[in-house]
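Here's the letter readout for the chains.
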Amino acid sequence: MTNRTPIKTSNSALIAMIADEDTITGFLLAGVGNVDLRRKTNYLIVDSKATVKQIEDAFKEFTTREDIAIVLISQYVANMIRFLVDSYNKPIPAILEIPSKDHPYDPAHDSVLSRVKYLFSTESVASGRR
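Definitions and limits used
Residues numbered from 1 in each chain as written. Predicted model: local features only at pLDDT ≥ 70, side-chain atom pairs only at ≥ 80, totals over all residues. Heavy atoms only, no water. UniProt positions renumbered as here; feature names shortened; annotations may be inferred. Core = buried A, V, L, I, M, F, W, Y, C linked by side-chain atoms within 4.5 Å. Buried < 20%, exposed > 50% of the residue type's maximum accessible area, 1.4 Å probe, protein only. Helix = DSSP H or I, 4+ residues; strand = E, 2+ residues; numbered from the N terminus. Contact = heavy atoms within 4.5 Å. Salt bridge = Lys/Arg side-chain N within 4 Å of Asp/Glu carboxyl O. Phe/Tyr/Trp six-rings, centres within 6.5 Å; stacked < 30°, edge-to-face > 60°. Pairing = 2+ DSSP bridges.

The name an unreviewed UniProt entry gives the protein is V-type proton ATPase subunit F, with Nicotiana tabacum as the organism. A UniProt comment under Function (unreviewed entry) is attached to the protein, and it reads "Subunit of the V1 complex of vacuolar(H+)-ATPase (V-ATPase), a multisubunit enzyme composed of a peripheral complex (V1) that hydrolyzes ATP and a membrane integral complex (V0) that translocates protons. V-ATPase is responsible for acidifying and maintaining the pH of intracellular compartments." The UniProt entry for the protein carries the following text under Subunit (unreviewed entry): "V-ATPase is a heteromultimeric enzyme made up of two complexes: the ATP-hydrolytic V1 complex and the proton translocation V0 complex."

And the structure:
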């Protein structure tokens, strides 16, 4: 096998969210929300008052927290901080771009999908297939 570093797992992990209010509310109703003892939440509601700096700070916080396994981010929000999303390369927490009610999903801007396409294109070239 290859020399892969094992992925650290724990008994429970959270899903973090950076999205519009309707998306966050839906996930909170499904039981995804969490508030710790320091009153830190695992979500950021992006509305007209939210600044790019707040979104960047939330993304950086969620991607460095040990208790978060997945970060769900609305694609239109991810486009605001595309340089951060594209430069993130760790397996955990995984970053998943999701559609929102007011902004349709565009596969051309999805960082995960573009990485998968790149991997398949390099595998095809390496194996001699086209």
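Resuming the write-up.
J.: Where do I start with the nonpolar core in this structure?
T.: The tendency in soluble globular proteins is for nonpolar side chains to be buried side by side. Ile18, Val46, Phe59 and Ile73 are the most contacted members of the largest nonpolar core, which totals 21 residues. Of all the secondary structure elements, the ones that give two or more residues to this core are β1 (14–19), α2 (52–64), β3 (68–74), α3 (75–80) and α4 (82–87). Leaving out residues up to four positions away in the same chain, isoleucine 18 has contacts with Ile24, Leu44, Val46, Ile55, Ala58, Phe59, Phe62, Leu72, Ile73, Ser74 and Val77. Core analysis: the next-biggest nonpolar cluster, separate from the first, contains 6 residues, Ile24, Val32, Leu72 and Ile98 among them.

J.: I would appreciate a short explanation of the pattern of salt bridges in the present structure.
T.: Oppositely charged side chains are able to pair whenever their charged atoms sit close together. In total, this model carries 8 salt bridges according to the counting rule given. Arginine 38 is paired through a salt bridge with aspartate 36; the nearest N and O atoms lie 3.1 Å apart. The class for aspartate 36 is partly exposed, based on a relative accessible area of 23%. When the shortest N-O distance is used, the salt bridge between aspartate 86 and arginine 82 registers 3.6 Å. Residue aspartate 86 and its partner arginine 82 are located together in helix α4, separated by 4 residues, close to a single helical turn. Using a relative accessible area of 40% as the deciding quantity, one classes aspartate 86 as partly exposed. A cluster of three or more residues bridged by salt bridges with shared partners is formed by Lys40, Glu61, Arg65 and Asp67.

J.: Honestly, the packing of aromatic side chains in this entry has me stumped. Any pointers?
T.: Two measures describe an aromatic ring pair: the distance that separates the ring centres and the angle between the ring planes. Under the criterion given, the structure shown has 1 aromatic pair. Where phenylalanine 59 meets tyrosine 88, the ring centres are 6.1 Å apart and the plane angle is 80°; that geometry is what we call edge-to-face. Of this pair, phenylalanine 59 sits in helix α2 while tyrosine 88 sits in the loop between α4 and β4 (94–98), and the two are 29 residues apart along the sequence. Assigned by exposure class, phenylalanine 59 and tyrosine 88 land together as buried.

J.: I tried to follow the pairing of β1 on my own but got confused; where do I start?
T.: On a regular strand, one side chain projects to one face of the sheet and the next to the other, so that they alternate. Of all 6 residues in β1, 5 are buried, a share of seventy percent or more. Pairing between β1 and β3: 5 bridges, direction parallel. Within β3, the position partnered with isoleucine 15 by the bridge is isoleucine 70. Pairing of β1 with strand β2 (residues 43–45) involves 3 bridges; the strand directions are parallel. Across the sheet, the residue bridging to isoleucine 18 is leucine 44, located in β2.

J.: I tried to follow the environment of leucine 44 on my own but got confused; where do I start?
T.: Examined against the element boundaries, leucine 44 turns out to sit in strand β2. The spacing of leucine 44 and methionine 17 is 27 residues in sequence and 6.3 Å in space, taken between C-alpha atoms. In contact with leucine 44, other than residues within four places in its own chain, are Met17, Ile18, Ala19, Ile24, Gln54, Ile55, Ala58 and Phe62.

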